[in-house]
Amino acid sequence: MITKNVRTAIRGEGFRNLKRRYFLNILITFIVGIVLNGGYQFVSRSQSDINNDINNDINNDINSTLNSQINETAAMVDEVTTVNALSGLSGKDGSSSNSEIVKELLMNIFDIQSVPDPDSISTTSADYYGGVVSVFVNEITGSQSFIFGIINGVNQLVFNGKIANSIIIWVFSLISIFIFIFAKNIIVVGNNRYFLEQRRYHDTGPGELLFPYKNKRTLHLARVMFMKYIFQLLWDLTIVGGFIKHYEYKLIPYILAENPSTPRKDAFEISKQLMMGEKWKVFVLDCSLLPWIILKYVTFNLSGIFFSDAYFECVGAELYMRLRTEKKDSLGLDLRKWLNDDMLAIDHVEETEHPSGEEHLDIPQLNFKKVKYDYMKSYSFLSLIELFFTYSLVGYIWEVFYYIASTGMLVNRGTMHGPWLPIYGAGGLLIILLLKPLRKNPGLLFAGAVLVCGSVEYFTAWALETFLHKKWWDYTGYFLNLHGRICFEGLLVFGMAGLAFTYLFSPMLDNIYLKMPDNKRKVLCTILIILFLIDLVFSIISPNTGAGITM
């Protein structure tokens, strides 16, 4: 039973465990915090302050009676978010609130007019305002809620007509779902495993964070942790039930950390029985840690980084082992058999590592040997010309389509007047010609494509700005941009496109080209080159400029 003396003992033991491996414990907690929160920033304003600023801007323009009803619904969603915060699922400062997304959706459903575009609402912590990755960073990762990301995508698509924004949010919502299920949820288990081992084994290393990916139990752990999240989310809608279930489910990640093979129903039942009669006492234990949480805000999270975050993890591990030791024998044999790592429960500290046994990483690997096209092939001169114009045309179509989706306007994009964007063709050819030695190593090819295409885009932008005194693209405001000429998401696309060009599209297209007689190919290439040169000369004299093209 968790009495006052036991709570004191748990906190004391947690402190000793933290102090024994202080620097590594701090580092582990910091890394896990970055993974779970999508990044790190100092806490200078509370999320509620930011939400209130946004709500005040919106409330000036909406019907007061209906707004009151909407605010009640939004407040209920914020209660859910608050409960999720206790489970480590809350967002970081500067992100759009879940209540804001639901509020905007409801205002559209009830046809309330004069609602400002969420993209136009500024907050002191809105660092990025352009591009796909900025949407992901500011909205999806920031809110830590892929569910509300999907709701926002539906809202943008159905009510606001922002097809491009909707596609962006939906794509990164799907990415967020994958990261949430197979990275964030899983790393929680790995983090718990590390702190369970380090309390008794001095040489426990950071590699235990990957414990869930070992012994080929990743999919099982992902399913169990995802079901825990879904059940908790549903119970959160009842507010009181969410509070109770938060503590009933509290030990599930520790049970999985001890034995990753524990079935879902058994993991839930073991946690329930271990916490039976202890929920209020554990809540009191959590409340006793409240001063450290307050100190985190007072010190701009510095006390959390250098002490309390890791201290909380040590206390949590100690709490689990105390309850496990006291109640394991009272469990039925069908449940007790899963708590079989008694090496975690020894009563002394070993100057060794935990004897974990043989481990096998369960991380899927890309196998490009299964690609049916001959990606190592050499391309003829005619094929290179055809690939150049194909990629230039595809780039042009993509740019025009994206601008239509974003603004509803049909614009002839690019520096030239014809239906081609040579920067795409040049990038494709450079990948094919310069990076052939890297084709057997997808990782190096990806990096090479990023370097080559990033350089082409940067120096092309520099040349256009220097000699023609205009900008055809500007990434200012995008996440990790360099002088507005290149940005992180563009480089990421270049890397992925380089893989696609090399292993799939170029060999596939070349097979199609080779089916055409050589004489017809020569005629076609000659005509394309002549038209391109005429357009190039004309574009140098009179560049393609105007609204939607230059800025």
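Quick one: what's the story with the overall build of the chain, residue by residue and with numbers?
What the chain contains, in helices and strands, is 21 helices and two strands. Buried positions account for 47% of the 551 residues belonging to the chain. Relative to all contacts within the chain whose residues are 6 or more apart in sequence, the contacts with residues 24 or more apart total 77%.

Talk me through the packing of aromatic side chains; I want residue IDs and the actual numbers.
This structure, assessed with the given rule, holds 26 aromatic pairs. Ring centres of Phe 389 and Phe 532 lie 5.8 Å apart, and the angle between their planes is 85 degrees; this geometry places the pair in the edge-to-face category. Placement of the pair is Phe 389 in helix α17 (residues 381-407) and Phe 532 in helix α21 (residues 518-541), with a sequence separation of 143 residues. Phe 389 sits in the buried class, given a relative accessible area of 10%. Here Tyr 391 and Phe 501 contribute two aromatic rings whose centre-to-centre distance is 4.1 Å and whose plane-to-plane angle is 25 degrees, an arrangement assigned as stacked.

Tell me about helix α9 (residues 218-236), residues and numbers included.
The first and last C-alpha atoms of α9 sit 27 Å apart over 19 residues, in line with the 27 Å expected at 1.5 Å per residue. For α9, the set of buried residues is Thr 218, His 220, Leu 221, Ala 222, Val 224, Met 225, Lys 228, Tyr 229, Gln 232, Leu 233 and Asp 236.

So what's going on with the environment of Leu 531? Residues and values would help.
Mapped onto the fold, Leu 531 is located in helix α21. Of the residues examined, Leu 531 reaches a relative accessible area of 45% and is grouped as partly exposed. For the pair Leu 531 and Gly 418, spaced 113 residues apart in sequence, the C-alpha separation works out to 8.5 Å.

Which residues make up the environment of Ser 455, and what values go with them?
You can see Ser 455 is positioned in helix α19 (residues 442-468). For the pair Ser 455 and Ile 486, spaced 31 residues apart in the sequence, the C-alpha separation amounts to 8.7 Å.

Can you tell me about the pattern of salt bridges, naming the residues and giving the values?
According to the stated counting rule, one finds 18 salt bridges in the structure shown. The residue Asp 342 makes a salt bridge to Arg 324 at a minimum N-O spacing of 3.0 Å. Taken together, the residues Asp 342 in the loop between α16 (333-336) and α17 and Arg 324 in helix α15 (residues 302-327) connect sequence positions 18 residues apart. Exposure remark for Asp 342: the relative accessible area of 44% places this residue in the partly exposed category. Looking at Arg 324, the relative accessible area reads 2%, which means it is buried. We note a salt bridge from Arg 521 to Glu 386, for which the minimum N-O separation is 2.8 Å. Within this pair, whereas Arg 521 is found in helix α21, its partner Glu 386 is found in helix α17, the two being separated by 135 residues in sequence. A relative accessible area of 2% places Arg 521 in the buried class. One salt-bridge network, in which partners are shared between bridges, spans Glu 258, Arg 324, Lys 328 and Asp 342.

Lay out the packing of helix α12 (residues 264-275) against α15 in plain terms, naming residues and giving numbers.
Each pair of packed helices gets described by two things: the angle between the helix axes and the distance between those axes. Viewed as axis vectors pointing N to C, α12 and α15 meet at an angle of 85 degrees, and their least axial separation amounts to 10 Å. Compared by their axis directions, α12 and α15 come out roughly perpendicular. On α15, the residues touching Gln 273, Leu 274 and Met 275 of α12 are Tyr 320, Leu 323, Arg 324 and Lys 327.

Describe the packing of helix α1 (residues 4-20) against α15, with residues and values.
Between α1 and α15, whose axes approach to 8 Å, the crossing angle comes to 125 degrees. Taken together, α1 and α15 sit at an angle that is classed as oblique. Crossing handedness for the pair α1 and α15: right-handed. Where α1 abuts α15, its residues Val 6, Ala 9, Ile 10, Arg 11, Glu 13, Gly 14, Phe 15, Asn 17 and Leu 18 lie against Phe 307, Ala 310, Tyr 311, Cys 314, Val 315, Glu 318, Leu 319 and Arg 322. Split by residue class, the contact of α1 with α15 holds 11 nonpolar, two polar and four charged.

Provide a residue-level description of unusual backbone geometry, including the pertinent values.
You will see that His 469, though not glycine, has its phi angle at about 60 degrees, which is positive. Along the chain, His 469 falls in the loop between α19 and β1 (481-482). Backbone geometry at His 483 places phi at a positive 60 degrees, although glycine is not the residue there. Position of His 483 among the secondary structure elements: in the loop between β1 and β2 (486-487).

Before we move on, could you go through the confidence of the model for the chain and cite the residues and values that matter?
Mean pLDDT for the chain: 78, with 71% of residues reaching 70 or above. Counting contacts from residues 39-66, a segment whose pLDDT is below 50, to residues more than four positions away or on other chains yields 55 contacts. Contacts from residues 139-144, a stretch scored under 50 in pLDDT, to residues over four places away or in other chains number 30 contacts.

Hey, could you go over a nonpolar patch on the surface for me, with residue numbers and the actual values?
A cluster of nonpolar side chains, contributed by Leu 290, Trp 292, Ile 293, Ile 294, Leu 295, Tyr 297 and Val 298, occupies part of the molecular surface with about 630 Å² of accessible area. Looking at the element boundaries, Ile 293 is found in helix α14 (residues 290-298).

So what's going on with the side chain of Ser 539? Residues and values would help.
By the element assignment, Ser 539 lies in helix α21. According to the relative accessible area criterion, Ser 539 is buried, its value standing at 7%. Once residues lying within four places of it in the same chain are set aside, the contact partners of Ser 539 are Thr 415, Met 416 and His 417.

Go over the side chain of Arg 485 with me, naming the residues and quoting the values.
Mapped onto the elements, Arg 485 comes out in the loop between β1 and β2. Other than its neighbours up to four places away in sequence, Arg 485 contacts Glu 457, Tyr 458, Ala 461, Trp 462, Glu 465, Trp 473 and Tyr 475.

Outline the nonpolar core, listing residues and values.
Among the nonpolar cores identified, the biggest contains 56 residues, and Leu 196, Leu 251, Leu 256, Ile 270 and Tyr 320 are the most heavily contacted of them. Sorting the residues of this core by element identifies α1, α2 (22-37), α8 (163-198), α9, α11 (252-258), α12, α13 (279-288) and α15 as the ones contributing at least two each. Of the residues forming this core, the biggest block, 10 residues, is contributed by α15. The contacts of Leu 251, once residues within four sequence positions are left out, are Ser 271, Leu 274, Met 275, Tyr 320 and Leu 323.

Before we move on, could you go through the environment of Lys 470 and cite the residues and values that matter?
Among the secondary structure elements, Lys 470 is positioned in the loop between α19 and β1. Owing to a relative accessible area of 36%, Lys 470 belongs among the partly exposed residues under this scheme. Expressed as a C-alpha distance, the spacing of Lys 470 and Met 551, which sit 81 residues apart in the sequence, is 6.8 Å.

Reading the values: rules and limits
- Residues numbered from 1 in each chain as written.
- Predicted model: local features only at pLDDT ≥ 70, side-chain atom pairs only at ≥ 80, totals over all residues.
- Heavy atoms only, no water.
- Helix = DSSP H or I, 4+ residues; strand = E, 2+ residues; numbered from the N terminus.
- Buried < 20%, exposed > 50% of the residue type's maximum accessible area, 1.4 Å probe, protein only.
- Contact = heavy atoms within 4.5 Å.
- Phe/Tyr/Trp six-rings, centres within 6.5 Å; stacked < 30°, edge-to-face > 60°.
- Expected span 1.5 Å × (residues − 1).
- Salt bridge = Lys/Arg side-chain N within 4 Å of Asp/Glu carboxyl O.
- Axes fitted to C-alpha atoms, helices over the stretch in contact; angles between N-to-C directions.
- Parallel < 35°, antiparallel > 145°, perpendicular 65-115°, else oblique.
- Left-handed = near helix turned anticlockwise from the far one by under 90°.
- Nonpolar A, V, L, I, M, F, W, Y, C, P; charged D, E, K, R; others polar.
- pLDDT = per-residue confidence, 0-100.
- Patch = residues over 30% accessible without salt bridge, like charges linked within 9 Å, V, L, I, M, F, W, Y side chains within 5 Å.
- Areas by Shrake-Rupley, 256 points an atom, 1.4 Å probe, with all protein chains shown as cover.
- Core = buried A, V, L, I, M, F, W, Y, C linked by side-chain atoms within 4.5 Å.

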